[in-house]
Amino acid sequence: MNKELINKASDNIRILSAAMVEKAKSGHPGGAMGGADFINILYSEFLNFDPDDMSWFLRDRFFLDPGHMSPMLYSILCLTGHYSPREIEAFRQWGSPTPGHPERDLARGVENTSGPLGQGHTSAVGAAIAERFLAAHFGEWMSHKIYTFISDGGVQEEISQGAGRIAGHYGLNNLIMYYDANDIQLSTTTLQVTTEDTAKKYEAWGWRVMEINGNDQDEIRKALKSANEEKEKPFLIIGKTIMGKGAVKEDGESFERQPSTHGQPLSGAGASFEKTIINLGGDPENAFRVFEDVKEHYRKAMDNKRSGAAKRKKEQEEWEKANPEQALKLKKFLAGEVPDIDYSSIEQKPNVATRAASGIVLGHFAKNIENIIVASADLANSDKTDGFLKNSKPFTRGDFTGAFLHAGVSELTMAAIANGMVLHGGVIPAIGTFFVFSDYMKPAVRLAALMELPVKYIWTHDAFRVGEDGPTHQPVEHEAQIRLMEELKNHSGRPSMLVLRPADAHETTVAWKMAMENTQTPTALILSRQNIKDLPAPDGKDRYTAALEARKGAYIVQDDKGTPDIVLIGSGSEVSTLVEGAALLRSEESLRVRVVSLISEQLFREQSSNYQEQVIPGNLPVFGLTSGLPSGLKQIVGCRGKVFGLDHFGYSAPAGILDQKFGFTPENVAVHVSNYLKEYREQE
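So, here's what we can say about the structure. (Residues numbered from 1 in each chain as written. Predicted model: local features only at pLDDT ≥ 70, side-chain atom pairs only at ≥ 80, totals over all residues. Heavy atoms only, no water.)

Relative to the helices and strands, Gly632 is located in helix α25 (residues 631-637). For Gly632 and Ala480, which are 152 residues apart along the polypeptide, the C-alpha to C-alpha distance reads 5.9 Å. Once you skip the residues sitting within four places of it in the chain, Gly632 turns out to touch Glu601 and Arg605. (Helix = DSSP H or I, 4+ residues; strand = E, 2+ residues; numbered from the N terminus. Contact = heavy atoms within 4.5 Å.)

The structure is reproduced here in structure tokens:
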């Protein structure tokens, strides 16, 4: 082993990292310079992948948590041949493949979009669970490691509590986490923020912990060997490193361990960029250069990885020949395919809560879909994910033959874990909790939308009708908030999320059909706590067949002959209230009424103008009803339409009382519609 050459490779990473930030005039060089030794040893000697097939499913995964350390990741991937010097020179610039925080790019070796601290390593926990799940179903021949890199900030973020607890509890011995402990934060030292014993904390969670000098290649190598040999626990390597390693001032004096190098170019931090590059063995005039001997060292390392991958692929071929049925199943798992489901055969009880209807569908999935993992944040019997659990079994320590994850009270952790499952591949995660707690999940939901991950969110107890639990548990603004994600486009130009609020049990079945068919973005199912009356089925159709029209975002549930006098529109439990209100308007005022169910605002907007006009004619008065903020529905009803909704928090009382107090009754709908029609006609 040529120690001098390996240290030179680490210095090359430091040079490239510092040069990227200097050229961009923004970024974070210090952490990347300190972490260079670990990333160098990991990629050249331990991380198994095929340089020519970076999406090979048996590869080890590397999840970067501190996205601000992207210069380190781009630099090592430049040494492996997946970025050119010209591409990393364009760091943080428009159109470059090297954004300030890494965005998922499997072809180049970037496994996850990282930025908000804590989510990267928590996604790695999800990937580790997915790997154990697949190995339990197809055999240990396919096992591989999940590596993740975390910083002081990631350890401090509260999500690390959930990630550490869950990984330790389930004994994820395939998870190896490196903690780059340089004792420096963006604005201060860590000693001014925390004095906790990180090693003991993780040991208490059930991890094996090793503390090393993170800038010593021998200690790094020894720790990684021990981590790969661990059979029972996740492994944490705490590497004490030097922030801004190699940085010097103009006079040559050391400028290491300075907080200022965390988040700005070396020249702006007080160091000398030119002298630092010289100190590290580089040329300031040609800083974006890979040294020839380092280039040759990595060429040989990549050839070794190609050989290792070829050997494993041969073993995979032999397994496939010996197990053709299992091989076909694995292929479908990896493609995200599910068996054809006859959703029309799923029997729903009449007039039930949509959360209960969802539980029925999940029970059907448990019996028919093998590559789905369902999780709940300690609410399985309330969010009705127990419909799946009753027909499956939960994961336990060391046993991943089941398909249900008890995540405990950790909504954000659960959401980030679900992201990691999809990032790993081979499984479809569906995760449940109360809708009001989607607030806790939003950062991970946003990343799922950005990465285009088809996670399924099961959000129940969808409105103020949660009742006696009071305003802390009653989502009022949440539907308006999450539907903004439907309007927000992802990098592929598609709505970044599909948000569905079904109006009865049969629409819930259809909503699940839509969710499972949506393989390009996350899907949210917003479900009721309380029972809802089934919507009427038109003549000649059963209710499920009629509900299939929901796939267009909105459809006519009930209509009178002739041109309607009024169009009533809503989603979820409000639709049945509108149906009852329509009956009063017919009997008391002889009005012709159309009732429309709006399961997805964005899907409806995407329909042809002709279809939109057929459902909600532009020349008719339109009245909307929502149990939340009316902002989104106002766009649908138009400038002359009217929406009745809430502009305040809920209160603690039984659901029926709240309906009366807040005006969500058929009688009040009839009154508001009558008054609205008078105003509408006066304006004509």
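Of all six residues that make up strand β5 (residues 235-240), five are buried, and the element is covered over most of its length. As defined by bridge partners, strand β3 (residues 175-181) adjoins β5 across six bridges and the pair is classed as parallel. Considered in β5, the bridge of Tyr179 is made with Ile238. Sheet topology places strand β4 (residues 208-213) next to β5; six bridges connect them, and they run parallel. Within the sheet, the bridge partner assigned to Val209 lies in β5 and is Leu236. In this region the chain leaves β4, passes through helix α9 (residues 217-229) and returns to the parallel neighbour β5; the handedness of that crossover is right-handed. (Buried < 20%, exposed > 50% of the residue type's maximum accessible area, 1.4 Å probe, protein only. Pairing = 2+ DSSP bridges. Right-handed = clockwise from strand over helix to strand, strands pointing away.)

All right, on to unusual backbone geometry then. Even without being a glycine, Asp378 presents a positive backbone phi close to 65°. Its location among the elements puts Asp378 in the loop between β6 (372-376) and α15 (380-383). Despite not being glycine, Ser590 shows a phi value in the positive range, around 55°. As for its placement among the helices and strands, Ser590 is situated in the loop between α22 (574-589) and β14 (593-598). With relative accessibility at 62%, the residue Ser590 sits in the exposed group.

Pairing is mixed in the open sheet, where five strands are placed in the order β12-β14-β13-β15-β16. Bordering the open sheet on either side are β12 (554-558) and β16 (642-644), each of which pairs with just one other strand. Geometrically, the sheet is characterised by an average inter-axis angle of 25° between neighbouring strands, direction not taken into account. This element, α22, spans β12, β13 (566-570), β14 and β15 (622-625) of the sheet and lies at about 175° to β14. (Axes fitted to C-alpha atoms, helices over the stretch in contact; angles between N-to-C directions.)

Now for helix α1 (residues 3-24). Compared with an ideal rise of 1.5 Å per residue, which puts 22 residues at 32 Å, α1 spans 32 Å between its outermost C-alpha atoms and is within 8% of the ideal. With respect to burial, α1 is a largely interior element, 17 of its 22 residues being buried. Of the residues flanking the start of α1, the one acting as N-cap is Asn2, its side-chain oxygen 3.2 Å from the backbone nitrogen of Glu4. In the stretch just after α1, Lys25 is the one whose phi turns positive, near 65°. (Expected span 1.5 Å × (residues − 1). Polar contact = N/O pair within 3.5 Å; in protein donor to acceptor, adjacent residues only side chain to side chain.)

Let's shift gears to the sheet that holds strand β11 (residues 523-526). Either a parallel or an antiparallel arrangement is found when strands of a sheet pair, and the pairing is made through backbone hydrogen bonds. Taken in spatial order, the six strands of this open sheet run β7-β6-β8-β9-β11-β10, and their pairing is parallel. Strands with a single pairing partner mark the edges of an open sheet, and in this sheet they are β7 (404-406) and β10 (498-500). Along the sheet, successive strands turn relative to each other by an average axial angle of 20°, direction set aside. Pairing geometry for β6 and β7, over three bridges, is parallel. Bridge pairing links Ala375 to Leu405 in β7. Here helix α17 (residues 411-424) sits on the sheet and contacts β6, β7, β8 (428-434) and β9 (456-460); the angle it forms with β8, its principal contact strand, is near 170°. Sitting on the sheet, helix α18 (residues 438-451) touches β8 and β9, and the angle it makes with β9 is about 160°.

Here we come to the nonpolar core. Ile129, Phe365, Tyr457, Trp512, Leu568 and Phe623 are the most contacted members of the largest nonpolar core, which totals 153 residues. Ranked by residues supplied to this core, first place goes to helix α5 (residues 119-138) with 10 residues. Those residues within four positions of Phe623 in sequence are excluded, and the remaining contacts are Ile566, Val567, Leu568, Ile569, Leu578, Lys642, Phe644, Val669, His672, Val673 and Tyr676. Grouped together as the second largest cluster of nonpolar side chains are 65 residues, Met69, Ile277, Phe291 and Met302 included. (Core = buried A, V, L, I, M, F, W, Y, C linked by side-chain atoms within 4.5 Å.)

Two elements in contact, α5 and helix α7 (residues 159-169), have axes separated by 9 Å at closest approach and are oriented at 25°. Between α5 and α7, the angle falls in the class roughly parallel. With respect to the hand of their crossing, α5 and α7 are arranged in left-handed fashion. Facing Gln119, His121, Thr122, Val125 and Ile129 of α5, the residues of α7 in contact are Ile159, Ser160, Ala163, Ile166 and Ala167. When the residues that make up the contact of α5 with α7 are grouped by side-chain class, the tally is six nonpolar, four polar and no charged. (Parallel < 35°, antiparallel > 145°, perpendicular 65-115°, else oblique. Left-handed = near helix turned anticlockwise from the far one by under 90°. Nonpolar A, V, L, I, M, F, W, Y, C, P; charged D, E, K, R; others polar.)

Turning our attention to the pattern of salt bridges. Evaluated as defined, the whole model comprises 46 salt bridges. Residue Lys513 is joined to Glu517 by a salt bridge in which the shortest nitrogen-to-oxygen separation is 2.8 Å. One end of the pair is Lys513 and the other is Glu517, both in helix α20 (residues 505-517) and four residues apart, which spans about a single turn. When its relative accessible area of 15% is taken as the criterion, Lys513 is described as buried. Look at Glu517 and you get partly exposed, because its relative accessible area is 49%. Residue Glu549 pairs with Lys552 through a salt bridge whose shortest N-O separation is 3.4 Å. Taking relative accessible area as the criterion, Glu549 reaches 27% and is therefore assigned partly exposed. (Salt bridge = Lys/Arg side-chain N within 4 Å of Asp/Glu carboxyl O.)

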